[in-house]
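Listed here are the chains, written in short residue letters.
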Amino acid sequence: MSLIKQLGEHLTRERLSAFFMGGWYPVVTGLLVLAEHLFGLELWLGSVNVLLASLSLVVCTSTRPLITFVASFVFQVSVKNSPGIPAVSDYLFTMPRLAVIIALVLVFLASTVYFAVKNRIFRGVGVRTPLLLPLAVLSLGFLMNGAFSGAWSPASLVFGVCESACFLFLFMLLYLGLRGEDGDGLVSYFVFCSAVVACVLIAEVAACYATVYDGTKESVLFGWGIWNTAGVSLAVLIPMCFLGFYRKTEEGKWQGWIYFALGILTFIATAMTQSRNALLVGAASVLASFCVFCFVGRYRLAFRIITSSGTVLAAVLAVLLWDKLYPLLTAFFYDNGRFELWSMGIDNFLSAPVFGVGFFGFDFGTFFTAEFLPTMAHNTVVQLLSGMGVFGLLSYAFYRAATAVPFVRRPSASKSFIGMSVLVLLAESMLDNFIFYFLPTLHYTVALAVVFTVYDGERRSAEEEAVPPSPPEEPYEPTTAL
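Owing to the predicted nature of the structure, the values given are computational and were not obtained by experimental measurement.

This part is about the packing of aromatic side chains. For the coordinates displayed, the defined rule picks out 38 aromatic pairs. Taken together, a centroid distance of 5.9 Å and an interplanar angle of 85° make the contact between Phe 167 and Tyr 399 edge-to-face. Placement of Phe 167 in helix 7 (residues 154-178) and of Tyr 399 in helix 16 (residues 380-403) is noted, with a sequence separation of 232 residues between them. As far as burial versus exposure is concerned, Phe 167 and Tyr 399 are alike and both buried. Three or more aromatic residues joined by ring pairs form one cluster here, namely Phe 242, Phe 245, Tyr 246, Trp 257, Phe 260, Phe 290, Phe 293, Tyr 299, Phe 303 and Phe 417.

Right under this line is the structure:
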């Protein structure tokens, strides 16, 4: 009986593992997140979502099932139960709901520890582990934000701890859990997961317009973020959808056109958030994708005609309609107080140049989103100098240079599109605070974990090819002493 029981447990584990590692689990996760957001079922369906993710860590030997969970989890928060605007509700932080959330966090952490120990993901981890040293230095920069300045506060330290966990812990969990995955299959899976998240966000934008939108940009609210947050969350997915188009059409599959249509719909949804930053960078990513298709893929000639014709047409219209376009462009590129914020950030830096004044050391008076988030300078460099000083800027520069390695040393079309997704976030963060918010960095962190996993596989293959095969051994022939 014990043998039959063990066999049954093995078959059950195998089936569960196949489900979590396959394509249906991302779809289930996306549907759960969408239903939670639309109907305010964060506690109920959110519990199912967390328990499924925890179970995936127990039965699987890879963190691949976490990709959709990580990239979409925050989008479950509904408008009516939001701890930020517009509801500013304490629904999720009062008993007994708070007790349930704490229990779910403990379950997920326990399953993470179990996964790490069972699969020995930390074996071989050292100084040469990708991004470990740069992330450790960056984490130190976060922890030291505002140190030795008169503006330092415990809130700044707590925020630095959270930033360190978001950057260091999440990347290492995903990357170490993905080692050994087939690079090509992993990229395809990541593209599919990104497409699922794009569908969820497109549906949430449509729901926003159908329910809370009153004709003003300020009413584009989701509970988990505002129009700018939604804009960047959508814009980073545009290159991923176009990567799906490229990969599928290269394989001769018609599903590539579904990805292409989804990429266009994602851009339209990005524009509907009315975020100027997202619209500008999102449009640039569409144009860049089309330019890439002019040189790679099966439809190079068609994209050359479309891209060149569209560019000429846009230039002609700009000349003919310049009198009408100029006021619109002037309003579109209005700094909206950013120059003043940057000036305040530089003044903060000059008052505490080594470690800055801390993230909570100065109130920039910007738009309120949630109490646990500080106001910021709306520029990555200025915010680093203001909150973390020269030490923070240098630690971030070290980290940023390290993240560029797999894109530069072994470039490929797939990594270029994933890199474009990363660049969308970085470009928008030069006009906003996204790189320091937790939500926008989730998909970004997954993208880096996937790229470094692919890069490691390429490097190992190159090293194996560089080693010459050993010559065949001579057959042993015993000799007889005379």
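Moving on, we come to a positive patch on the surface. Together, Arg 120, Arg 123, Arg 179 and Arg 460 make up a positively charged patch on the protein surface. Relative to the assigned elements, Arg 123 resides in the loop between helix 5 (97-118) and helix 6 (132-143).

Moving on: the state of the cysteines. Within this structure, the stated rule accounts for zero disulfides. No disulfide involves Cys 193; its sulfur sits 12 Å from that of Cys 199, the nearest cysteine.

Right, let's talk about unusual backbone geometry for a bit. Phi is mostly negative for residues that are not glycine, and the peptide bonds are mostly trans. Here the residue pair Met 95 and Pro 96 is connected by a cis peptide bond, since its omega of 0° sits within 30 degrees of zero. The phi angle at Arg 120 is positive, at roughly 45°, despite the residue not being glycine. Locating Arg 120 in the fold gives a position in the loop between helix 5 and helix 6. The exposure class assigned to Arg 120 is exposed, which follows from its relative accessible area of 58%. Backbone geometry at His 378 places phi at a positive 60°, although glycine is not the residue there. If you trace the backbone, His 378 turns up in the loop between helix 15 (338-351) and helix 16.

In this section: the environment of Gly 146. By the secondary structure assignment, Gly 146 is in the loop between helix 6 and helix 7. Gly 146 sits 43 residues away from Tyr 189 along the chain, and the two C-alpha atoms are 41 Å apart.

A cluster of nonpolar side chains, contributed by Val 312, Leu 313, Val 316, Leu 317, Leu 320 and Leu 321, occupies part of the molecular surface with about 550 Å² of accessible area. Note on placement: Val 312 falls in helix 13 (residues 300-320). Overall, the relative accessible area of 52% leaves Val 312 in the exposed class.

Counting residues in hydrophobic clusters, the biggest one holds 111 residues, and the most contacted among them are Leu 66, Phe 171, Tyr 399 and Val 450. Those residues in contact with Phe 171 that sit more than four places away from it in its chain are Pro 130, Leu 131, Leu 135, Thr 445, Leu 448, Ala 449 and Phe 452.

Take the packing of helix 8 (residues 183-211) against helix 11 (residues 256-272) next. Working note: a packed helix pair is described by the angle between its axes plus the distance between those axes. At their nearest, the axes of helix 8 and helix 11 sit 10 Å apart, and the two run at 40° to each other. On the basis of the axis angle, helix 8 is oblique to helix 11. Of the two elements, helix 8 crosses helix 11, and the hand of that crossing is left-handed. In this structure, helix 8 uses Val 191, Phe 192, Ala 195, Ala 198, Cys 199, Ile 202, Val 205 and Tyr 209 to contact helix 11, whose residues at the interface are Tyr 259, Leu 262, Leu 265, Thr 266, Ala 269 and Met 272. Considered class by class, the residues forming the contact of helix 8 with helix 11 number 13 nonpolar, one polar and no charged.

The rules behind the values
- Residues numbered from 1 in each chain as written.
- Predicted model: local features only at pLDDT ≥ 70, side-chain atom pairs only at ≥ 80, totals over all residues.
- Heavy atoms only, no water.
- Phe/Tyr/Trp six-rings, centres within 6.5 Å; stacked < 30°, edge-to-face > 60°.
- Helix = DSSP H or I, 4+ residues; strand = E, 2+ residues; numbered from the N terminus.
- Buried < 20%, exposed > 50% of the residue type's maximum accessible area, 1.4 Å probe, protein only.
- Patch = residues over 30% accessible without salt bridge, like charges linked within 9 Å, V, L, I, M, F, W, Y side chains within 5 Å.
- Areas by Shrake-Rupley, 256 points an atom, 1.4 Å probe, with all protein chains shown as cover.
- Salt bridge = Lys/Arg side-chain N within 4 Å of Asp/Glu carboxyl O.
- Lys, Arg positive; Asp, Glu negative; His and termini not counted.
- Charge placed at Lys NZ, Arg CZ, Asp CG, Glu CD.
- Disulfide = S-S within 2.5 Å.
- Core = buried A, V, L, I, M, F, W, Y, C linked by side-chain atoms within 4.5 Å.
- Contact = heavy atoms within 4.5 Å.
- Axes fitted to C-alpha atoms, helices over the stretch in contact; angles between N-to-C directions.
- Parallel < 35°, antiparallel > 145°, perpendicular 65-115°, else oblique.
- Left-handed = near helix turned anticlockwise from the far one by under 90°.
- Nonpolar A, V, L, I, M, F, W, Y, C, P; charged D, E, K, R; others polar.

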